[in-house]
Amino acid sequence: MNGSQNLCETFSEQLRDVPDIDIWVAPPFIYVPALTEAERLQGFTQIGVQNVHEEVQGAFTGEVSAAMVAEMGAKFAIIGHSERRNIYLENDTIVDRKLKSCVDANLIPLFCVGESIEERQNGSAEAVVQRQLRSLKGLLETLPAERLVVAYEPIWAIGTGISASPGDADEMHGKIRSYLGDEGAKLRILYGGSVSPNNAEKLIKQTNIDGFLVGGAALDVSAFNEICQLVGGD
Ligand code: PGA
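The model shown is predicted, which means the values in this text are computed figures rather than measured ones.

Asker: An account of the overall build of the chain is requested, with residue identities and associated values reported.
Answerer: Counting its secondary structure elements, the chain contains 11 helices and 7 strands. In summary, the chain has a C-alpha radius of gyration of 17 Å against a globular reference of 17 Å for 234 residues, a match within 12%. Here the chain, with 234 residues, has 49% of them falling under the buried criterion. When contacts within the chain are restricted to residue pairs at least 6 apart in sequence, those whose partners lie at least 24 apart make up 66%.

Asker: Could you give me a rundown of helix α7 (residues 125-139), with the residues and numbers involved?
Answerer: With 15 residues, α7 should cover 21 Å at 1.5 Å per step; its first-to-last C-alpha distance of 22 Å lies within 8% of that length. Along its length, α7 shows its largest kink, about 50°, at L133. Burial in α7 covers these residues: A125, V128, V129, Q132, L133, L136 and L139. Against α4 (82-87), α5 (92-104), β4 (108-113), α6 (117-121), β5 (149-152) and α8 (166-179) lie the buried residues of α7.

Asker: Any chance you could break down the site of the ligand for me, citing the residues and the numbers?
Answerer: In the vicinity of the ligand, the residues found are H81, E153, A157, I158, G159, G193, S194, L213, V214, G215 and G216. Taking G159, its main chain carries an N or O atom lying 2.6 Å from an oxygen atom of the ligand. Between the ligand and the protein, one listed contact pairs an oxygen atom with a backbone N or O atom of G216 at 2.8 Å. Protein chains shield 87% of the accessible area of the ligand, which is 280 Å² for the free molecule. Here the residues of the shell around the ligand are counted per class, giving 4 nonpolar, 6 polar and 1 charged.

Asker: Describe the packing of aromatic side chains, listing the residues and the values that go with them.
Answerer: Counted according to the given criterion, the structure contains 3 aromatic pairs. Both rings, one in F11 and one in F224, keep their centres 5.5 Å apart while their planes meet at 40°; by these two values the pair is tilted. Of this pair, F11 sits in helix α1 (residues 5-14) while F224 sits in helix α11 (residues 221-232); the two residues are 213 residues apart in sequence, bridging distant segments of the chain. Residue F11 shares its accessibility class with F224, and that shared class is buried. Both rings, one in Y152 and one in Y191, keep their centres 6.5 Å apart while their planes meet at 55°; by these two values the pair is tilted. With a gap of 39 residues between them, Y152 in strand β5 and Y191 in strand β6 (residues 188-192) connect regions that are remote in the sequence. The burial state of Y152 is the same as that of Y191; both residues are buried. The cationic tip of K137 hangs over the ring face of Y179; the distance from NZ or CZ to the ring centre is 4.8 Å.

Asker: Explain unusual backbone geometry residue by residue, including any values.
Answerer: Most of the time, phi is negative for any residue but glycine, and the peptide bond is trans. Residues other than glycine seldom take positive phi values, yet L89 does so here, at roughly 55°. Tracing the chain through its elements places L89 in the loop between α4 and α5. Taking relative accessible area as the criterion, L89 reaches 65% and is therefore assigned exposed. Of note, the phi angle at N106 is positive, near 65°, even though the residue is not glycine. For N106, the location among the structural elements is in the loop between α5 and β4.

Asker: Explain α1 to me, and be specific about the residues and the numbers.
Answerer: Burial in α1 covers these residues: L7, C8, F11 and S12. All buried residues of α1 fall inside an arc of 130° around its axis, so they share one side. Turned more than 90 degrees from where α1 packs its buried face, N6 and E13 sit exposed. In this structure, the buried side of α1 is in contact with β1 (23-25), α2 (32-36) and α11.

Calculation criteria
Residues numbered from 1 in each chain as written. Predicted model: local features only at pLDDT ≥ 70, side-chain atom pairs only at ≥ 80, totals over all residues. Heavy atoms only, no water. Helix = DSSP H or I, 4+ residues; strand = E, 2+ residues; numbered from the N terminus. Rg over C-alpha atoms; globule rule 2.2 N^0.38 Å. Buried < 20%, exposed > 50% of the residue type's maximum accessible area, 1.4 Å probe, protein only. Contact = heavy atoms within 4.5 Å. Expected span 1.5 Å × (residues − 1). Bend = angle between axes of the 7 residues up to and from the residue. Near = heavy atom within 4 Å. Polar contact = N/O pair within 3.5 Å; in protein donor to acceptor, adjacent residues only side chain to side chain. Areas by Shrake-Rupley, 256 points an atom, 1.4 Å probe, with all protein chains shown as cover. Nonpolar A, V, L, I, M, F, W, Y, C, P; charged D, E, K, R; others polar. Phe/Tyr/Trp six-rings, centres within 6.5 Å; stacked < 30°, edge-to-face > 60°. Lys NZ or Arg CZ within 6 Å of the ring centre and 35° of its normal. Arc of directions from axis to C-beta.

Structural data, given as structure tokens:
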């Protein structure tokens, strides 16, 4: 719930064309048409959303379904962001139903996992991430890896300015990949949590980090451009 129409306009005017990387942008729902229709972004960005409701349709006042966002031109949906899990109490069952509703609507789920600081300190980070990934692992038996994206976002790194170290992030990405089996090798696994122009270069050089889920730095178009350039230059 950040940004404005003005930011969307600035974003579409000032985002530089970086043809050798995929740039996906997930604005708040109401700005989706402005970005899908922005000619300047066509050809090198995909537009998505930050959440969908788990049901297909019905009396769920104020909610938005995966089919609705697909109809408006969105190509992907972020599912299971830690703010949704923690503030809106979306447990694994709800997140898994959202995952299914995205697949049914032909949206690519960008599926977020990550542990809290307590879970990291008590040694349960890997178990927590595996529990969150269980349904996605099942889906990989029938869905090609290019129709799914995973984002590892340790909760303690989101919006705090404290990113996971490149080594720690890479280690967890490697564990996620091996947990997901053969298809996991082909899956894009993004890192999220205080990604900035200062740490992007070191993080992207890690073997198992395929890209980023950028929050705060994406609200500053020049910082976002810089991250894109660093990733593209890898
Ligand atoms: P951040 O946010 O980059 O500001 O830490 C990441 C996120 O919200 O997914």
